[in-house]
Amino acid sequence: MTVNLPIKLENLPRSLPLDSAVRIDLVEGVPVFRASSFVIERIEVLLGKQKETALTDEEETELDGYEELDDYLSLVNRMIRNSSIISS
């Protein structure tokens, strides 16, 4: 079964580690994709800095990339959850 996602990621944040960037948890037997602790910590650092001072253009782009990635993971998780409900 091929699934076409309605959104397309143009790129990933440069600071995103390709290994251990996403973790998979099982929730009621359904896999759920979440950002790793490294990614969550980096987002928190950027959001904390944003409250105190303006982010650089590079940091703003990085934070936007994490937001897009989060949106994409949320979409994938909804599709998986909906698929598991339908097949139950």
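Here, residues in each chain are numbered from 1, in the same order as that chain's written sequence. Given that this is a predicted model, residues contribute local features only at a pLDDT of at least 70 and side-chain atom pairs are listed and counted only at 80 or more, while totals for whole chains, interfaces and linings are drawn from all residues. Side-chain calculation: all heavy atoms of the structure are included, whereas hydrogens and water are not.

## Some details on the overall build of the protein chain
Going along the chain from the N terminus, every DSSP run of H or I of four or more residues is numbered as a helix, and every run of E of two or more is numbered as a strand. Assigned secondary structure in the protein chain consists of two helices and two strands. Taken from N to C terminus, the helices and strands of the protein chain fall in the order β-β-α-α. Working rule for contacts: check all heavy atoms of both residues, and any pair within 4.5 Å makes them a contact. Sequence separation of 24 or more characterises 48% of the internal contacts of the protein chain that already satisfy a separation of 6 or more. When the accessible surface of the protein chain is summed, it comes to about 6700 Å², and 53% of that surface belongs to carbon and sulfur atoms. Residue exposure ignores everything except the shown protein chains as possible cover, and the areas themselves are Shrake-Rupley values with a 1.4 Å probe.

## A closer look at helix α2 (residues 57–86)
Multiplying 1.5 Å by the residue count of a helix minus one yields the expected span of that helix. Compared with the 44 Å implied by 1.5 Å per residue over 30 residues, the 43 Å span of α2 between its first and last C-alpha is a close match. Within α2, the full set of buried residues consists of E59, E62, L63, G65, Y66, L69, L73, L75, V76 and N77. Its buried side turned inward, α2 meets β1 (22–27), β2 (30–35) and α1 (37–52). Relative accessibility thresholds used throughout: buried, under 20% of the residue-type maximum; exposed, over 50%; partly exposed, between the two (1.4 Å probe, protein chains only).

## Quick notes on the pairing of β1
By the bridge criterion, six bridges tie β1 to β2 in an arrangement that is antiparallel. When the bridges of β2 are listed, R23 appears paired with R34. For two strands to count as paired, DSSP must find a minimum of two bridges between them. Between the antiparallel neighbours β1 and β2 lie two residues, among them E28 with a positive phi of about 55°.

## Re the packing of α1 against α2
Packed helices, taken two at a time, are described by their axes: the angle between them and the distance between them. Where helices are involved, their axes are fitted lines through C-alpha atoms of the stretch in contact, as for all axes, and angles between N-to-C directions lie from 0 to 180°. Following both chains from N to C, one finds α1 and α2 inclined at 130°, their axes separated by 10 Å at the closest point. The angle between the axes of α1 and α2 places the two elements in the oblique class. For the pair α1 and α2, the crossing hand works out as left-handed. Across from V39, R42, I43, L46, L47, K49 and Q50 in α1, the residues of α2 making contact are E59, E60, E62, L63 and Y66. Here is the rule for angles: anything less than 35 degrees is roughly parallel, anything more than 145 is roughly antiparallel, 65 through 115 is roughly perpendicular, and the remaining ranges are oblique. For a crossing to be left-handed, the near helix must be turned anticlockwise from the far one by less than a right angle; the clockwise case is right-handed.

## Brief notes about the pattern of salt bridges
Opposite charge on two side chains permits pairing when their charged atoms draw close. One speaks of a salt bridge when a side-chain nitrogen belonging to Lys or Arg is within 4 Å of a carboxyl oxygen belonging to Asp or Glu. As enumerated under the stated definition, the model contains four salt bridges in all. Residue D25 is joined to R23 by a salt bridge in which the shortest nitrogen-to-oxygen separation is 3.0 Å. The class for R23 is partly exposed, based on a relative accessible area of 35%. One salt bridge in this structure joins D25 and R34, with 2.7 Å as the shortest N-O distance. Several salt bridges share partner residues, and in doing so they unite R23, D25 and R34 into one network.

In short, the description is geometric, and any link to function would need to be established separately.
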